[in-house]
Amino acid sequence: MMKSLRFSNHMAARLFLAAVFLLTLSAGLAGSAAAASEEAFGAVYTLTNAASGNEVLVYKRSSDGSIAYQGAYATGGLGSGAGLGSQTAVILSKNNHWLFAVNAGSNQVSAFAVNADGLELVDVVDSGGILPVSLTTYKDRLYVLNAGGSGNISGFAIGQDGSLSPLAGSTQPVSNGGVGAAPGPAQVAFNSDGSALVVTEKTTNLIDTYEVVDGVAGAPVTHASEGSTPFGFAFDRQNHAIVSEAASGSVSSYEIAGGEFEVISSAIPNGQAAACWIAISNNGNFAYTTNAGSGSISSYRIGADGSLTLLDATAGLTGAGSSPLDMAFSNNGAFVYTLASGVHNIMVFQIGADGSLSNLGTVDVPVGVAGLAAR
C-alpha cells in the first residue's frame, strides 16, 4: 500500500512538472509570436508641412511591405508650405516609442507617443531658433537644426512621458558663428555612440562637428566636404558617416567620433544627378542615395572600415520627374520607402540579400509632404 502511495505521489509530481513546462513553453511561444508580429508589421510617417496647420500622416505597413493610409494627426504647429531641403524632418526614437516632427512655419517641435492605433500628441515646444528642418535623437536627448536666421542647433531632454525640456548650454551656431545668413544647413545627426553631432552645409561645402559631453554639444569645428554640396547622411554602427553630395553626384564616407574627423572614401561618383538623401540598410552593408535629378536610387557597398564601392548606379528607378527625396527602412530591414515628391507618392522597394531593390508599388500622398520615417 505504501509503495502504491509513493508511486502515485511520484506520478503526480511528474505530471505537475510537465504542466509547468507546457505552460512555460506556451508563454514563450506566445511572446515569440508577439515579437514576430511586431517585427512583421509597422508604419510609415510623413509630414503635410502645410502652412495652415501641420499634420503627421500615418500609413500602416503589412508584412508584405505594402502600406495603407491610417490617419492624420495634428502637430499643434504650422508647416512652411514649401520644400524644407533637409533630411530627418520627422523621426522615431530608437525604441519606436516616440515620434518627433518639425513645425517649420511656427518654429516648433512636436512630440508624439506611438501606439498601435496611431499617434498621441504629448508636447509642442519652441525649437530654439528659426525654421527647424531636421531632428536627431540619442537615448534621452533630442537635437534640432534650425535653418533660418543665422542657423543653429539646440538640444532637449526627452522625459519619460515624451515631453521635451531645453538643455542649458546646448544651443550652438553653425559655421558662421551666428553671424549673417544661415549657410544652407541640411541635416543634424548624432553619430552612432552619441559622442558627436554633425551638420552638413549646402552653400559652404562644409561639415560641422560638435563634440558631445553629457548630452550637451560643444562649439562647432568645421571641415571641408570631399564633394560639392554635402546634403543628407547616415551613420553605420562604427561611427562611419556616409554623406551624399548633391552637386557632384557622389557619396563620401568619414569616421567621426568625439573630436575626431577622418576621410575614408572621397566623393565616389554614381553618374546620376542631385544625390541628396542617404539611408543605410539595417545590416550596415549597403548605403542608398536618392538622385532627385535623375529619378533613381544608387546603391553602395560599405566595407568594414567604412570604405565605399559603387554597387549599382540605378539600383532603383522612380521615373522621370519623380524627384525622389527622403528614404526610410522598415524595422525588419526588408523594405525601404522613398518619398517621390515630383509624382506625389511613396514608393515601396524590397531589398535583396545582395543589396538589389525590387519595386513593389506606390501609394499616393498629398502635394507638399516632407520627411519620412518608418518602423
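Up top is the structure these notes are about.
Residues numbered from 1 in each chain as written. Predicted model: local features only at pLDDT ≥ 70, side-chain atom pairs only at ≥ 80, totals over all residues. Heavy atoms only, no water.

Participant: What exactly am I supposed to notice about the overall build of the chain here?
Facilitator: Within the chain, the secondary structure is distributed over one helix and 29 strands. A buried classification covers 51% of the 375 residues belonging to the chain. In the chain, the proportion of contacts linking residues at least 24 apart, taken out of those at least 6 apart, comes to 47%. A total of about 15200 Å² of accessible surface is found on the chain, and carbon and sulfur atoms cover 56% of it. (Helix = DSSP H or I, 4+ residues; strand = E, 2+ residues; numbered from the N terminus. Buried < 20%, exposed > 50% of the residue type's maximum accessible area, 1.4 Å probe, protein only. Contact = heavy atoms within 4.5 Å. Areas by Shrake-Rupley, 256 points an atom, 1.4 Å probe, with all protein chains shown as cover.)

Participant: Any chance you could explain the environment of G77 here in plain terms?
Facilitator: Take G77: it is sitting in the loop between β3 (67-74) and β4 (90-92). Accessibility expressed as a relative area gives 7% for G77, which makes it buried. For the pair G77 and N54, spaced 23 residues apart in the sequence, the C-alpha separation amounts to 5.8 Å. Discounting residues that sit within four places of it in the chain, G77 has contacts with G53, N54, N103, S106 and Q108.

Participant: Honestly, the pairing of strand β24 (residues 308-317) in this entry has me stumped. Any pointers?
Facilitator: It is a general feature of regular strands that their side chains alternate between the two faces of the sheet. In this structure, strand β23 (residues 296-302) lies alongside β24, joined through six bridges in antiparallel fashion. Residue pairing across strands places I302 opposite L308, the latter belonging to β24. In textbook terms, the turn of a hairpin is the stretch between consecutive antiparallel strands, and for β23 and β24 this stretch comprises five residues, one of which, G306, has a positive phi near 90°. (Pairing = 2+ DSSP bridges.)

Participant: In this structure, what is going on with the sheet that holds strand β13 (residues 185-190)? I would like to understand it.
Facilitator: On the basis of which strands lie adjacent, the open sheet formed by four strands has the order β13-β14-β15-β16 and antiparallel pairing. Each edge of the open sheet is held by one strand with a lone partner, namely β13 and β16 (216-224). Across the sheet, the mean angle from the axis of one strand to that of its neighbour is 20°, orientation sign disregarded. Strand direction decides the pairing type here: strand β14 (residues 196-201) and strand β15 (residues 206-213), joined by six bridges, are antiparallel. Paired with V198 across the two strands is T209, which belongs to β15. (Axes fitted to C-alpha atoms, helices over the stretch in contact; angles between N-to-C directions.)

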